[in-house]
Amino acid sequence: MSPVQPPVARRVAVIGGTRVPFARSDGPYATASNQEMLTAALDGLVARFGLQGPGAVGEFVGGAVLKHSRDFNLARETVLGSTLDARTPAYDLQQACGTGLQAVIAAANKIALGQIESAVAGGADTASDAPLGVNDRLRRILLEARRAKSAGARLRALARVRPAHLVPDIPRNAEPRTGLSMGEHAAVTARAWGVTREEQDALAAASHQRLAAAYERGFFQDLVVPFRGLARDQNLRPGSTPAKLAALKPVFGLDAPDPTMTAGNSTPLTDGAATVLLASEEWARARGLRPLAYLTAHETAAVDFPHGDVADGEDGLLMAPAYAVPRMLERAGLALADFDLVEVHEAFASQVLATLAAWEKRGLGPVDRDRLNVAGSSLATGHPFAATGARIVATLAALLAERGGPGRGLISVCAAGGQGVTAVLERD
């Protein structure tokens, strides 16, 4: 028997994307679940590209970071509640803030290997409807009562319940290994890299101004579907200026002199969902769909932040893209100068600036700010953790298509746990 030949990798096209407007937590989407938001984004994609028919899409990949127990099969339940064919397979994945981009990569790899012809990838997160855990001491007592062999043993276990046990465990935005919040980690990194308050406020103001300009020119008309009364991202402040942002008080890094990070140059807690349609060239051609761009490379990295970040910031919690991008570019034979557009997820303005400085330190050269986040990014849109990667992929692909000719774009997403997910999009 002759050996099976490995498949030749095919090009993976980004056809388009759809998301709901992002909203600040405890706002318009306060009672919306991950599934409801992700279903709305998926239905928008199905309607836009006519995906209602049987077998229209090979599979759906999605996830969320803040998940209730009811979300254990989020992607599949989203499909069953949507207008997509109920026979579409679906599965969940999670990699903190990199979830949306990693979902795109997972789907793209199957298309590249010829296992499926098309897929939808995305993610959703709600900071408003965050799960509340049972107090761990109460949980242990309840489990002991369940295991009891007699009514008396069950009652003795339950008799140990105290009022303090009824206080729920509320999710904390803190790293288990260090106890520091993401913002506090970013403040350590900002000090280590010498990132100034003025630089951060300038970057944040530019994000709002560029997002506002993109909405005004109709750029998001095919990318955003109204949801619960919103037609635009609620966090958008078109009138943001460095001078206005300079009036805000610091909220992170208060344990050191001259803190620089404020609510204005940090991403707010956000609710929202986003999806992306990926396909082989043959699938797109058969349906008369023209690809916006192609996913041509990707890389994931991680850093030892429990030691590096607290020490000097070189391996800060959000600095993994400083390693992922150089590796990816070396493998692809590219340099930063080869990119027309650069999309860096704006978890914090300081983190973006530190990442740019790290790339330059590692010999990649400076990034032209006129090519950076040209339609705004997370500081203006907000950041529903698992949705951000899909939002960026769809936005960058549309931006490359808008230019009209060949082009190349870089994506960099930092994530909790000291991880980073990066990718390259190209257009012929």
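Scroll up for the structure.
Residue positions are given per chain, counted from 1 along the sequence in the order it is written. Under the rules for a predicted model, residues below a pLDDT of 70 receive no local features and side-chain atom pairs below 80 are neither given nor counted, while totals for whole chains, interfaces and linings still include all residues. The basis for every side-chain value is the complete set of heavy atoms in the structure, and neither hydrogens nor water enter the calculation.

Chemist: Quick one: what's the story with the side chain of S412, residue by residue and with numbers?
Modeler: What counts as a helix is a DSSP run of H or I of at least four residues, what counts as a strand is a run of E of at least two, and both are numbered from the N terminus. When you line up the elements, S412 lands in strand β11 (residues 407–415). In this analysis, two residues are considered to be in contact whenever any of their non-hydrogen atoms come within 4.5 Å of each other. In this view, S412 contacts P321, E343, V344, H345, W359, V421 and T422; residues no more than four positions away in its chain are not counted.

Chemist: Which residues make up the pairing of strand β1 (residues 12–19), and what values do they have?
Modeler: For each residue, the accessible area found with a 1.4 Å probe, counting protein chains only, is set against the maximum for its type, and the residue is called buried under 20%, exposed over 50%, and partly exposed in between. The element β1 is largely enclosed, with a buried count of eight among its eight residues. Whether two strands pair comes down to DSSP finding at least two bridges between them. Bridging between β1 and strand β9 (residues 293–302) involves three bridges; their strand directions are antiparallel. Pairing of V14 across the sheet is with A293, part of β9. Note that β1 and strand β8 (residues 270–280) share seven bridges and pair antiparallel.

Chemist: Give a description of empty space enclosed by the protein that names residues and reports values.
Modeler: Definitions used throughout: a 1 Å grid over protein atoms alone; a cavity as a set of points that fits a 1.4 Å probe which cannot get out; a pocket as an open set with protein on both sides within 12 Å along at least five of seven lines; a lining residue as one with an atom within 4 Å of a point. Grid points are joined across faces, edges and corners, and a volume is the space filled by probe spheres set on the points. For the structure on display, the rule yields two cavities of 30 Å³ or more. Of the volumes computed, that of the largest cavity is approximately 50 Å³. G17, T18, R19, F220, L223, A274, T275, A390, R391, A394 and T395 are the residues that line the largest cavity. Of all the secondary-structure elements, those providing two or more residues to the lining of the largest cavity are β1, β8 and α14 (388–403). Element by element, the count of residues in the lining of the largest cavity is highest for α14, at four residues. Per-class residue counts for the lining of the largest cavity are five nonpolar, four polar and two charged. Approximately 40 Å³ is the volume attributed to the second largest cavity. Every residue along the wall of the second largest cavity is listed here: H185, A186, T189, L317, L318, M319 and Q351. Considering each element in turn, the lining of the second largest cavity owes the most residues, three residues, to helix α6 (residues 182–193). Class assignment for the residues of the lining of the second largest cavity results in four nonpolar, three polar and no charged. Charged means Asp, Glu, Lys or Arg here, nonpolar means Ala, Val, Leu, Ile, Met, Phe, Trp, Tyr, Cys or Pro, and polar covers whatever is left, Gly included.

Chemist: A description of unusual backbone geometry should follow, citing residues and the corresponding values.
Modeler: The phi dihedral of D26 is positive, around 60°, even though this residue is not glycine. Its location among the elements puts D26 in the loop between β2 (23–24) and α1 (34–49). A relative accessible area of 60% means that D26 is categorised as exposed. Phi is positive for D258, close to 50°, though the residue is something other than glycine. By the element assignment, D258 lies in the loop between β6 (250–252) and β7 (261–262).

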